[in-house]
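Understanding the architecture of this molecule
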Amino acid sequence: MPSLASCVDAAVPPPPCYAFTSWQTSLPAPELNSDSRWSPSHSASLYRINQWGGPYFGVNDNGNVSIYPHGSKTLNHQEIDLFKIVKKASDAKDVGGLGLQLPIIIRLPDVLKHRVESIQSAFDFAIEAQGYSAHYQGVFPVKCNQDRFVVDDIVTFGDKFRFGLEAGSKPELLLAMSCLCNGNAEAFLVCNGFKDAEFISLALVGKKLGFNTVIVLELEEEVDLVIDLSQKLGIRPVIGMRAKLRTKHDGHFGSTSGEKGKFGLTTTQILRVVKKLDQCGMLDCLQLLHFHIGSQIPSTALLADGVGEAAQVYCELVRLGARMGVIDIGGGLGIDYDGSKSPNSDVSVGYTLEEYAAAVVSEIRSACDRKKVKHPVICSESGRAIVSHHSVLVFEAVSASKNSVPQMSSADLSYLFDRLPEDAIIDYRKLSAAAMGGEYEKCLLYSNQLKQKCVEQFKEGSFDIDQLAAVDGLCDLVYKAIGAPDPVRTYHVNLSIFTSIPDFWGIGQLFPIVPIHRLEQKPVVKGILSDITCDSDGKIGKFIGGEENLLLHELEGGGGRSYCLGMFLGGAYEEGLGGIHNLFGGPSVVRVSQSDGPQSFAVTQAVPGPSCADVLRKMQHEPQMMFEKLKLRAAEYVFDEGAHGLDHDTIAKGIASSFHNMPYLVKSSCSLTASDDDNGFYYSDVNNYGTVVDSDAPEDEEWSDCCA
């Protein structure tokens, strides 16, 4: 930085920047720009991709995130470049793309298949190794992801394993029954949750329709409804009960465990239910014991404690005369979100799939062998572990805050010094002396004091905004010259956290977030993420590994180049929990399978995200009626202004276009204006992205004056 001493009036004390050039000569020479040394493997290590992403994600030689659709069995030619998927999905149709708008969810059914097979394989191995005489038969709790194609895939992939579904509400039960029409006849249809007469009747009808339905009692009074309705309908039920165990999961997800948990029957209630069923001649209907310690069980020690307790309850039910055959260990099989493999974290687990299965089988086998009870079928409801990996949310950074150091002339400094209040001049002189003496810490102290006093003067009205900006500029020069760390910058991302990552906002759940490209380059900017909602909570300032910022790359301006980030391991819960805060709907969705083509993938399904009209309908608005009002308004207020003006027809077409487009921002000109600025973000141009069909609109709805 050039010396400012020669351009400052002699009456002004030497500016702090005067000494900085001499300081800089004594500082050690900076390392060479490490881009020349940086490699994709460095990025993989920095973002822990191999830890939380294994065996499904890595970084390829091009610096893009790679997908290994078949886990560790993926061959080299089967690897999929995630950035190429995004490009295929978002490129305009006239250049071979699908014309979808970001943000976008990329579903990977091959990964989903591998997860189902891996869990089954882990239990099969443990059963064989320990000489267990029954089998494992899992179910998927549809609350984790109710998407039709996800549930259908799980039923298909799990058919040979008799893999079933779990439902916790009436619509989920209807969904499960419909999907299981194409499933294995022996697959369980487990009915959990609080139930009324309609829920129980529907479950009983399901049994009549040939489904392997189990009605799990969550409350003691539900047994009366089951007895009464089954007798009226003439359908003998299969009954399970949920035990409220003493074993307590102390983490965030353990609030439903222990004696004061939300769900299940106490030992006293269990005995009363057994007695009531026996008196009605229906004790043989009681065949399943269910329990749930809590999601994200962190260690096999806690798991073994809970399973061991439940196995004792199971054996006691056999002793009491119930015709038991299944123990349902619930969910809890955790995901290592941060790659730490820690047993003391809410975002990690200290075990593998194989260790989890071995602990479960061992505890049940030991308890049953001691009591000489036949080994039961083992069922689990491992939803998070099944679907988390198969879904990637990709979104774009549209801008970033800038930390630019201003240039200050002698006139600027003189003007600033002459207008400083007396107490601020004292701080200025101290700052100058500290700079000349090379006292870095005092420079920071006095510059902060100077800034604070000037801010107070500005609030009182005795300091104008030009002076305040000059003080900010001087302090920025000081920070830069003494090598103070660059402040964390804010990256504005084209996303609604409330819609797409609601668990972060609601419970502070951390997910891996990384750039999906440019990983051959060293990221040098410390950043946090801020979404485009008008809500101060719409930001992400905590990341895996306990970090309060994320290392990112500088944004590249011009040429339509984008900077894409991916949120991983979010396939469970996020879509179902997301709302429409600020009327931002869900992302676009593509379903991608591994293929033997040149790109190693094929897009088998592409669905644009909800349009503005779609989200308005969810709040009881009528987009067609709204459009007609605005069209009439345009006719009343707008007149033909010639070739360079807007007529009411053009405005009506632009408004219609906005109703049909997604609420998110796109790098394009809108239908009413044109811009040569490649960095501007506007609402979608239907000519580039194609007309988006409103998914909720009636089929016969036609909009007059709508853009083609």
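Residues numbered from 1 in each chain as written. Predicted model: local features only at pLDDT ≥ 70, side-chain atom pairs only at ≥ 80, totals over all residues. Heavy atoms only, no water.

Moving on, we get to the confidence of the model for the chain. Averaged over the chain, the pLDDT score is 87; the fraction of residues at 70 or greater is 86%. Below a pLDDT of 50 lies the segment residues 1-12, which in the model reaches 23 contacts outside its immediate sequence neighbourhood of four places, other chains included. Low pLDDT (under 50) marks residues 674-708, which in the prediction has 89 contacts with non-local residues, meaning those over four places away or in another chain. (pLDDT = per-residue confidence, 0-100. Contact = heavy atoms within 4.5 Å.)

Following the criterion strictly, the structure yields eleven aromatic pairs and no others. Their ring planes at 45° and their centres at 5.1 Å tell us that Trp-52 and Phe-568 sit as a pair that is tilted. Residue Trp-52 is located in helix H3 (residues 49-52), and its partner Phe-568 is located in the loop between strand E19 (563-567) and helix H20 (574-577); the two are separated by 516 residues in the primary sequence. Pairwise contacts between aromatic rings join Phe-123, Tyr-136, Tyr-351 and Tyr-356 into one cluster. (Phe/Tyr/Trp six-rings, centres within 6.5 Å; stacked < 30°, edge-to-face > 60°. Helix = DSSP H or I, 4+ residues; strand = E, 2+ residues; numbered from the N terminus.)

Where helix H9 (residues 222-233) contacts helix H10 (residues 267-279), the two axes come as close as 10 Å, and the packing angle between them is 15°. For the element pair H9 / H10, the angle class is roughly parallel. Crossing handedness for the pair H9 and H10: right-handed. Between H9 and H10, the contacting residues are Val-223, Asp-224 and Ile-227 on the first element and Val-273, Lys-276 and Leu-277 on the second. Looking at side-chain class alone, the contact of H9 with H10 contains four nonpolar, no polar and two charged residues. (Axes fitted to C-alpha atoms, helices over the stretch in contact; angles between N-to-C directions. Parallel < 35°, antiparallel > 145°, perpendicular 65-115°, else oblique. Left-handed = near helix turned anticlockwise from the far one by under 90°. Nonpolar A, V, L, I, M, F, W, Y, C, P; charged D, E, K, R; others polar.)

Alternating residues of strand E4 (residues 104-107) divide into Ile-104 and Ile-106 and Ile-105 and Arg-107, and every residue in both groups is buried. Here four bridges tie E4 to strand E13 (residues 391-400), and the two strands are oriented antiparallel to one another. Paired with Ile-105 across the bridge in E13 is Leu-393. With four bridges connecting them, E4 and strand E20 (residues 588-594) associate as parallel partners. Within the sheet, the bridge partner assigned to Ile-104 lies in E20 and is Ser-588. (Buried < 20%, exposed > 50% of the residue type's maximum accessible area, 1.4 Å probe, protein only. Pairing = 2+ DSSP bridges.)

So, on to the side chain of Thr-533. Looking at the secondary structure, you find Thr-533 in the loop between strand E16 (525-530) and strand E17 (539-540). On the basis of relative accessible area, Thr-533 is assigned to the buried category, the value being 9%. A distance of 2.8 Å separates the side chain of Thr-533 from the side chain of Asp-531, its partner in a polar contact. The contact partners of Thr-533, leaving out residues within four places of it in the chain, are Ser-496, Phe-498, Gly-538, Asn-582 and Phe-584. (Polar contact = N/O pair within 3.5 Å; in protein donor to acceptor, adjacent residues only side chain to side chain.)

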